[in-house]
Amino acid sequence: MINRATITLSVLLLSSCNAIEQAFTYSDAAKFLKGYATGFPSDTISSEELANFDVSFANIKIGRAPSSTVVLAYNNQGSHEWVSRDEVQVFTKNGYLYKTIGFSKDVTYESFDFKDESMLNKTFITSATFYDPDLLLVAVENTIKKSDVTITLPRPDGERKAIVYIHEYYVPSIKWKGTNKYFVDEAGIILRSEQKTHPHLPQFKVDFFYKY
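These numbers come from a predicted model, not from an experiment.

A. Spotlight on the pattern of salt bridges. For the coordinates displayed, the defined rule picks out 4 salt bridges. Close ionic contact of Asp185 with Arg160 constitutes a salt bridge, the shortest N to O distance being 2.8 Å. Taken together, the residues Asp185 in strand S10 (residues 176–185) and Arg160 in strand S9 (residues 160–171) connect sequence positions 25 residues apart. When salt bridges that share partners are traced, they join Asp157, Arg160 and Asp185 into one network.

Here is the structure:
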């Protein structure tokens, strides 16, 4: 059983910590903190870099920090494990980032498939666990909407049209809410996600590149 006093303290800490304390554990953490304050130019993958990869990979940009590349280490029915050179692990399900290992503020969400038609336009409840400070198995209210607008994303292998799924979430226990976006092409392949994972981390922008 979770101690009620521990939960209360965790909620207070999550609600009051300064957002600039969000250093993560990549080897370039110092660059991240500087970049978050001063800004970096947008990071992109070139067509040459894309051609040099013989495995699927993702390009992750957190806030204004430099981007980092993770490679696909494991695939199990739409659930993917991505690993960086310094052993940070990121887990996604059809582009929904549901778990991190190796950041200063890790998270674990109950995973779901945002493309499931039966989950659209209704509120459903999942659970989440936040670390540093710890807050275990709190309820998350989710709503998924599928946009009617098709947008064009620039890619190193050419422009791709994408439909945007809008994910609105709310964590009542810490009064934290926001909006995530998932960009899916006409074949149903996830191209990009823009997602907040932790109240004290900036937004993750993840571009996915699959090699078949």
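B. Expanded view of the packing of aromatic side chains. Inspection of the entire model under this criterion finds 16 aromatic pairs. An angle of 20 degrees between the planes, with centres 3.8 Å apart, marks the rings of Phe53 and Phe57 as stacked. Accessibility expressed as a relative area gives 24% for Phe53, which makes it partly exposed. Ring centres of Trp82 and Phe208 lie 5.6 Å apart, and the angle between their planes is 50 degrees; this geometry places the pair in the tilted category. A residue pair is termed long-range when its members are at least 10 positions apart, and Trp82 in strand S3 (residues 79–83) and Phe208 in strand S12 (residues 204–209) qualify at 126 residues. For Phe208, a relative accessible area of 1% corresponds to the buried category. Members of the aromatic cluster, each reached through a chain of ring pairs, are Tyr96, Tyr109, Phe112, Phe114, Phe124, Phe130, Tyr165, Tyr169, Trp176 and Tyr182. The ring of Phe91 carries the charged tip of Lys99 above its face, separated from the ring centre by 5.2 Å.

About the thresholds
- Residues numbered from 1 in each chain as written.
- Predicted model: local features only at pLDDT ≥ 70, side-chain atom pairs only at ≥ 80, totals over all residues.
- Heavy atoms only, no water.
- Salt bridge = Lys/Arg side-chain N within 4 Å of Asp/Glu carboxyl O.
- Helix = DSSP H or I, 4+ residues; strand = E, 2+ residues; numbered from the N terminus.
- Phe/Tyr/Trp six-rings, centres within 6.5 Å; stacked < 30°, edge-to-face > 60°.
- Buried < 20%, exposed > 50% of the residue type's maximum accessible area, 1.4 Å probe, protein only.
- Lys NZ or Arg CZ within 6 Å of the ring centre and 35° of its normal.

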